[in-house]
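Each chain, letter by letter, is given below.
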Amino acid sequence: METITPNIEIRSVVAQCLRTLTTSAENKDVITALQTLQSYLDGGSDSRIPSVQRAEFRRVHFTRTLRFLVSNIQADWVHSLKAQQRKELWDGLFLKGPADQTLLVLMEGIGELRPSINLDHLVSITERFLQNGGLAELLWSYCLETGPSDSPQLRETLQGRIVGLPDLLANKLQLNNKPLFLPQQYYPLLATEILSALENVCQALRNGTDCSLTFVAQVLGKVCVQGQSALVFNEMAPRLSIHTRSDMVWQRVCWKLLQDVPQRCMESVLTGLVQSVSRPDILGRIIGNIVLTNKKAQFVITHKLLLLQYKYETRVLRVLLGYLAADRERRPLLIQVLRAVSQAWANPSAVKHTPIEQQLYVSKALLLSVNLLDDSELHELQSDLLQCMLGGMQSHLDSSVVRIRHMGMVVGECLSSRMDISETKLKFEYDQDDETRELLSLMTAHSDDESEPEPVSRSESPKVTNEIPPPVPNKLPQNNLSRQPDPDLDSDDELTPYDMSDDQEMSAASPPRYLRDCLETLISSEDPMRVELSLIAAEDLVRKNVFAAREISVELTKVLLHMENKYNLNNFLVLRQATMVALTVIDCIPVTQYLTTEFYSLNYSLRQRLDMLEVLVFAARELSSPVSEKRDPSVGVAATGSSDLSPYVNDKPADWRQEVEKRIQSKTRRLRKGVTQPAPEATPNRYAPVAGHFFFPLLRNYDRPQVTFDLLGSDHLVLGRLIHTLGVFMHLAVNAPVATQMGRALLDFVWSVRYHVDQTVRRGVLFAVCSLLMSVNSQNLLADFGDQLFETRSWLADVAEGDPDGDCRDLAVQSLVLLDKSLKKQLQN
């Protein structure tokens, strides 16, 4: 009976107060009832209410009281209170009670009320609740767990309100939302409150009080799962780093916090934490050896963040691998990671089917892991690394993508240098770019701050170069000359230096004047000077002497195609290609027939076959372009031969009428101008009549493997370039009569290789399809390609969604847009 009597007494007092607030019209009675209710929340030794009754009120009657206040927020007795009385008595009941019940009632009331002044009142109380540390008090109360255990459903609801508060209030308030409730401010505030709760836990543990971190860990996990880990850990990680530096209690609290995180949230928590810390030792102090005790954490750190995801910076890789290498118990996991990464890097299927970004990420992980090994571990893994190096380099060097080949070269060099097999090191020739330089830098030792070593080395190098060149004895005569100037030397200083930028080196050999002389020189001459002069003059001679060029066009093309740069001439490839393009334009059909026939012939290198395709592409582009107005060559010759000096600009006479017209135009303001330039004259398309000669012969023998050439086999680079070339021919044949026939043949050809393993071939296929959709008229598209369009669209949708190469996905999206636009236009018509 002694325990029942206080409960009955409290229940009767609360019921009397609520009855008074409902029925009384006197302001004095309302204030007394509110003060009575608030007296059960006031703590301290001077309180008239026993602690047992206060605890009973908080446990049983507090939520009922707050719901009564919210339901009667529009009552007259509420509005009869003065502003100060309302703030102290009415609002104080929300801010002085248990924080978890307050938050639940406030969120429930805000969800039920419509936009009004009453809703604004509850929103302002919620804002004060957050600003006064309500979340920290709530989290700390669950760390103590002094009261009876509540239901899991209640905890789940409370965690949902804490984590989802910005979304709930944003949906309710919309444009009237408060800045504190925005994610950019709320989640850093929540992180600060979590830190306050953890600090109270550390102090309680020092005093011998047991605490629980389960609720805080569940809240942290739920926040990270909802995608707010960056905002939370950007606030928590620096302070946790400071606290755990020398305080073992803080370290144990952090380890326990991570251990209590639910398994479904472990990945999100670890991912956000790894991205927020800057060094491996910080990560080790915060999470401890959880990678050894928690299977989910071990999978995330040793597998998922290294092999399955590749969006993180190099710093994240350094932190992860450095964390595994920092402790003796964790180093076996580093060996395990190295074996897995080396197998992934050397896998030929991964090289073909994974994005380049992921291959670069795995290469960085491999180099960083190898760099962290000591000599004994390196000797133990030497056979595995050697097998990885040889197999992986072969797979990378066989790729048709330049970035992948460079990646294989750099990794091979670094691995051979680290293993130091028989003191022989691999060395490749490649152009260094940002990627290769970053990969090479991973094998060098780095400090905690990665940005420090580079400026030091850069600042030291100029000092050495500035000190060495100027010797001391050379400065003395200059100083003496400056003190005693010589009048003879002063006159030389006033002379203007002569411009020698246009001077040309005198040559004993003269350039050829006839095209046949040029041909004979390229065939039989061994003089590098004559060969270079013939290459320089060949294109101009071909374009000026059309009839002579047509007589020897095929023969000269053959000579240029087989010619090698054995004299190391400047611009050899450019001059050789320009001459072959000119021959193809001047004598189109014979030269095109020769090049397209020789493309599938024996005893040609891949470089020569690519040269054939490039010449055909440039020639087709020139033929499809409008003919530019050419100046009379005799005018130029006369102008250069009449005088040795070029005339001064101001010596050119100008008509006074034109000068006056220019001044009037410059000072006249017009609101609208008409056509200022005449419309370009229409010129015939020289490519349209011969487009078939460029296109169809290249589709003749593609499926016949030769002795030195297998287009559908290992020569992926040539196949991709061939398809791209056919796509260019298709694009240039827009509005040509043969465009539809070319498009049908092109689609049949690329359809068989649309799922090719090499990304260069897939890019060429998608480019060809895109060119087809741009070139074929929409009226003919549905009529001539109707049976294949829907299957093509389904294939393009699959590529746009699931192809590992980013360029392939972009080309597929562009093709889908063009296809849908053409179909929509045709169906509307």
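Look up: the structure comes first, before these words.
Residues numbered from 1 in each chain as written. Predicted model: local features only at pLDDT ≥ 70, side-chain atom pairs only at ≥ 80, totals over all residues. Heavy atoms only, no water.

Moving on: the overall build of the protein chain. Check the secondary structure of the protein chain and you find 45 helices and zero strands. Evaluated residue by residue, the protein chain yields a buried proportion of 45% over its 829 residues. A fraction of 73% describes how many contacts in the protein chain between residues 6 or more apart in sequence connect residues 24 or more apart. Within the structure as shown, the protein chain displays about 46,100 Å² of accessible surface, and the carbon and sulfur contribution to it stands at 51%. (Helix = DSSP H or I, 4+ residues; strand = E, 2+ residues; numbered from the N terminus. Buried < 20%, exposed > 50% of the residue type's maximum accessible area, 1.4 Å probe, protein only. Contact = heavy atoms within 4.5 Å. Areas by Shrake-Rupley, 256 points an atom, 1.4 Å probe, with all protein chains shown as cover.)

Another point: the packing of helix H36 (residues 606-624) against helix H40 (residues 716-732). Packing of H36 against H40 brings their axes to within 10 Å, and their N-to-C directions diverge by 10°. Relative to H40, the element H36 lies roughly parallel. Contact residues: Leu606, Leu610, Leu613, Glu614, Leu616, Val617, Ala620, Arg621 and Ser624 in H36; Leu717, Val718, Arg721, Leu722, Thr725, Val728, Phe729 and Leu732 in H40. A breakdown of the residues in the contact of H36 with H40 according to their chemical character gives twelve nonpolar, two polar and three charged. (Axes fitted to C-alpha atoms, helices over the stretch in contact; angles between N-to-C directions. Parallel < 35°, antiparallel > 145°, perpendicular 65-115°, else oblique. Nonpolar A, V, L, I, M, F, W, Y, C, P; charged D, E, K, R; others polar.)

On to the environment of Leu522. Positionally, Leu522 belongs in helix H30 (residues 515-524). Look at Leu522 and you get buried, because its relative accessible area is 9%. Each C-alpha atom, one on Leu522 and one on Leu556, is 9.0 Å from the other, the two residues being 34 residues apart in sequence. Beyond its immediate sequence surroundings of up to four residues, Leu522 is in contact with Val531, Ser534, Leu535, Leu556, Val559, Leu560 and Met563.

Summed over the entire model, instances satisfying the criterion amount to nine aromatic pairs. With a centroid separation of 5.2 Å and an interplanar angle of 25°, the aromatic rings of Tyr40 and Phe57 are classed as stacked. Of this pair, Tyr40 sits in the loop between helix H2 (27-39) and helix H3 (51-71) while Phe57 sits in helix H3, and the two are 17 residues apart along the sequence. The exposure classification of Tyr40 matches that of Phe57, with both residues buried. For the pair Tyr186 and Tyr187, a centre-to-centre distance of 5.3 Å together with 75° between the ring planes defines the contact as edge-to-face. For the pair Tyr186 and Tyr187, one class covers both residues: buried. (Phe/Tyr/Trp six-rings, centres within 6.5 Å; stacked < 30°, edge-to-face > 60°.)

Following the criterion strictly, the structure yields three cavities of 30 Å³ or more and no others. Considered as a void within the structure, the largest cavity measures approximately 50 Å³ in volume. Residue assignment for the lining of the largest cavity shows that the elements contributing at least two residues are helix H25 (402-419) and helix H26 (434-441). Here the lining of the largest cavity is built from residues that sort into two nonpolar, two polar and three charged. If you add up the space inside the second largest cavity, you get close to 40 Å³. Taken together, Leu747, Val769, Leu772, Leu773, Leu789 and Thr792 make up the full set of residues lining the second largest cavity. Every element with two or more residues in the lining of the second largest cavity is listed here: helix H42 (759-775) and helix H44 (786-802). Taken together, the residues of the lining of the second largest cavity break down into five nonpolar, one polar and no charged. (1 Å grid on protein atoms, 1.4 Å probe; cavity = no way out; pocket = protein on both sides within 12 Å on 5 of 7 lines; lining within 4 Å. Points joined across faces, edges and corners; volume = space filled by probe spheres on them.)

Side chains that carry opposite charge are capable of pairing whenever their charged atoms lie near each other. Scanning the model with the defined rule gives 28 salt bridges in all. The salt bridge partner of Glu435 is Arg403, with a shortest N-O separation of 2.4 Å. Within this pair, whereas Glu435 is found in helix H26, its partner Arg403 is found in helix H25, the two being separated by 32 residues in sequence. By sharing partners, the salt bridges in this structure join Arg576, Arg607, Asp611, Glu614 and Arg721 into a single network. (Salt bridge = Lys/Arg side-chain N within 4 Å of Asp/Glu carboxyl O.)

Taken as a whole, the second largest pocket encloses approximately 360 Å³ of empty space. In terms of lining, the second largest pocket is formed by 19 residues, of which the most central are Asp398, Ser399, Ser400, Ser714 and His716. The set of elements that each furnish at least two residues to the lining of the second largest pocket consists of helix H21 (348-353), helix H24 (382-397), H25 and H40. The residue inventory of the lining of the second largest pocket, partitioned by class, reads seven nonpolar, seven polar and five charged.

Now for helix H41 (residues 739-751). Residue pairs three or four apart in sequence face the same way in an α-helix, which turns once every 3.6 residues. The end-to-end C-alpha separation of H41 is 18 Å, in line with the 18 Å expected for 13 residues at 1.5 Å each. When we look at burial in H41, the residues that qualify are Ala739, Thr740, Met742, Gly743, Leu746, Leu747, Phe749, Val750 and Trp751. Where H41 is buried, its residues meet helix H39 (691-695), H40, H42, helix H43 (778-784) and H44. (Expected span 1.5 Å × (residues − 1).)

Core analysis: the largest hydrophobic core is formed by 151 residues, its most contacted members being Trp77, Ile162 and Ile287. For this core, the element with the highest residue contribution is helix H11 (residues 183-206), accounting for eleven residues. Contact partners of Trp77, with chain neighbours within four places excluded, come to Leu21, Val30, Leu34, Phe68, Leu69, Asn72 and Trp90. Formed by 89 residues, the second largest nonpolar core is a distinct cluster that contains Val581, Val769, Leu772 and Leu811. (Core = buried A, V, L, I, M, F, W, Y, C linked by side-chain atoms within 4.5 Å.)

All buried positions along H30 are accounted for by Leu515, Cys518, Leu519, Thr521 and Leu522. Seen end-on, H30 carries its buried residues on one side only, within an arc spanning 160°. In the core, the buried residues of H30 are packed alongside helix H31 (528-544), helix H32 (546-551) and helix H33 (553-562). (Arc of directions from axis to C-beta.)

By themselves, these observations are geometric and do not establish any function.
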